[in-house]
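Descriptive structure summary
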Amino acid sequence: MAGQVEGKVALVTGGASGIGAAIVELLAQEGAIVVATDIDELNGPELAARLAKAGGKVIFLPQDVTSEERWIEVVGEVGKRYGRLDIMVSNAGIGVGAPSIVDMTLADWRRQTAINLDGVFLSVKHSLPLMRKHGGGSIIMMSSLAGLRGAANLAGYSATKGAVRLFAKSIAMECAQIGDGIRVNSVHPGIIDTPIWGKIPTAATGAGQNAPIDPEERARFATPLGRAGQAIEIAQGVLYLASDASRYVTGTELVIDGGMNAGGVVRTPQAR
Ligand SMILES: NC(=O)c1ccc[n+]([C@@H]2O[C@H](COP(=O)([O-])OP(=O)(O)OC[C@H]3O[C@@H](n4cnc5c(N)ncnc54)[C@H](O)[C@@H]3O)[C@@H](O)[C@H]2O)c1
């Protein structure tokens, strides 16, 4: 049986770890040619080599999503190798926490915005022309539950993810207006068990202090389904948006959060 994205060419940013790595693996399993990019030049090539060994069509290209120069090179390389781009997953992102917004440095605010928002803008600006050449495709932007609801101590992060949500809708409208066959949607994960939680600096003083937040612990009470999500559970949603099964879906937001956005349930330690 053909895979759900058989023969399509996909580019996944932040593809070396967590959600991005799960997306790379699932799209490859479902028949796509996948270009995984990341600043992580250790885990990225390792993942691509492992998947290629198992029969997947996966390559890794080093890329910092904040560099416009590099975006031109990466999309140029995709065009040269495959002649087309069908799926763009703008997934790379970081989280910078601060005890209070007054503690957040402008440098941290700008670094986070550069990756989470400027990087997504550049992905769209430079992938659209190649996608349009071949009559369509699917752009998927990784937002967050924090792009739908406020999050104490993560105001800067929330601001970037909220912006990505409306950026996706606006690009969806531009593409629909032109009729270029490109669909654009955002994905909103809740608390997902990936390495990102160990990387969130709580002190925005530039000291780079890490708070080892345990996503499972955090999700147990905060999430109606009572557990953290797994990266593959986000990748399954991305696969749907990337595939033709979602051909009538554009400008929407896919929330995958164990019920957090819908409300809360009372859970006592005894009820666990
Ligand atoms: N894990 C969660 O609970 C959660 C929840 C909501 C949204 N998200 C979003 O999902 C996306 C993936 O996060 P994750 O949880 O897999 O985190 P992760 O830290 O495991 O993976 C993020 C990847 O992005 C890469 N990256 C960072 N800066 C980059 C840059 N400048 N250029 C290119 N790559 C860069 C990292 O090297 C890493 O491989 C992010 O956009 C994140 O904000 C995660």
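Residues numbered from 1 in each chain as written. Predicted model: local features only at pLDDT ≥ 70, side-chain atom pairs only at ≥ 80, totals over all residues. Heavy atoms only, no water.

**Looking at the overall build of the protein**
From N to C terminus, the protein includes 8 helices and 7 strands. Here the C-alpha atoms of the protein give a radius of gyration of 18 Å, agreeing with the 19 Å that 2.2 N^0.38 yields for 272 residues. Its C-alpha atoms give the protein principal-axis dimensions of roughly 55 × 40 × 40 Å. Split into buried and exposed, the 272 residues of the protein put 50% on the buried side. Across the protein, contacts joining residues at least 24 apart in sequence account for 72% of those joining residues at least 6 apart. (Helix = DSSP H or I, 4+ residues; strand = E, 2+ residues; numbered from the N terminus. Rg over C-alpha atoms; globule rule 2.2 N^0.38 Å. Buried < 20%, exposed > 50% of the residue type's maximum accessible area, 1.4 Å probe, protein only. Contact = heavy atoms within 4.5 Å.)

**Looking at the site of the ligand**
Taken together, 28 residues lie around the ligand, and Ser 17, Asp 38, Tyr 157, Thr 194 and Lys 199 are the ones closest in. Ile 19 is positioned such that a nitrogen or oxygen atom in its backbone is 2.7 Å from an oxygen atom of the ligand. Between an oxygen atom of the ligand and a side-chain N or O atom of Trp 197, the distance comes to 3.1 Å. For the shell around the ligand, the secondary-structure elements that each account for two or more residues are helix 1 (18–29), helix 5 (155–178) and helix 6 (196–199). Considering each element in turn, the shell around the ligand owes the most residues, 3 residues, to helix 6. Per-class residue counts for the shell around the ligand are 14 nonpolar, 10 polar and 4 charged. (Near = heavy atom within 4 Å. Polar contact = N/O pair within 3.5 Å; in protein donor to acceptor, adjacent residues only side chain to side chain. Nonpolar A, V, L, I, M, F, W, Y, C, P; charged D, E, K, R; others polar.)

**A few points about a nonpolar patch on the surface**
Taken together, the side chains of Ile 101, Val 102, Leu 106 and Trp 109 make up a nonpolar region of the molecular surface, amounting to roughly 420 Å² of accessible area. Checked against the element boundaries, Trp 109 lands in helix 4 (residues 106–133). (Patch = residues over 30% accessible without salt bridge, like charges linked within 9 Å, V, L, I, M, F, W, Y side chains within 5 Å. Areas by Shrake-Rupley, 256 points an atom, 1.4 Å probe, with all protein chains shown as cover. Salt bridge = Lys/Arg side-chain N within 4 Å of Asp/Glu carboxyl O.)

**Quick look at helix 1**
With 12 residues, helix 1 extends 17 Å between its outermost C-alpha atoms, agreeing within 8% with the 16 Å of an ideal straight helix rising 1.5 Å per residue. Here helix 1 has its buried residues at Ile 19, Gly 20, Ala 21, Ala 22, Ile 23, Val 24, Leu 26, Leu 27 and Ala 28. Note on helix 1: the residue one or two positions beyond its end, Gly 31, has a positive phi of about 100°. (Expected span 1.5 Å × (residues − 1).)

**Some remarks on helix 8 (residues 231–242)**
If you check helix 8, its first and last C-alpha atoms are 16 Å apart, about what 12 residues at 1.5 Å a residue would give, namely 16 Å. Contact partners of the buried residues in helix 8: helix 1, strand 4 (87–90), strand 5 (137–142), strand 6 (182–189) and strand 7 (253–256).

**A few points about unusual backbone geometry**
Look at Asn 153: it is not a glycine, yet its phi comes out positive at around 75°. With respect to the secondary-structure elements, Asn 153 resides in the loop between strand 5 and helix 5.

**Observations concerning the nonpolar core**
Core analysis: the largest hydrophobic core is formed by 34 residues, its most contacted members being Ile 23, Val 24, Leu 27, Val 34, Val 89, Ile 140 and Val 187. Elements that contribute at least two residues to this core include exactly strand 1 (9–13), helix 1, strand 2 (33–38), helix 2 (43–53), strand 3 (57–62), strand 4, strand 5 and helix 8. With 8 residues, helix 1 is the largest single contributor of residues to this core. Within the second largest apolar cluster, 30 residues are counted, among which are Leu 61, Val 120, Leu 128 and Ala 168. (Core = buried A, V, L, I, M, F, W, Y, C linked by side-chain atoms within 4.5 Å.)

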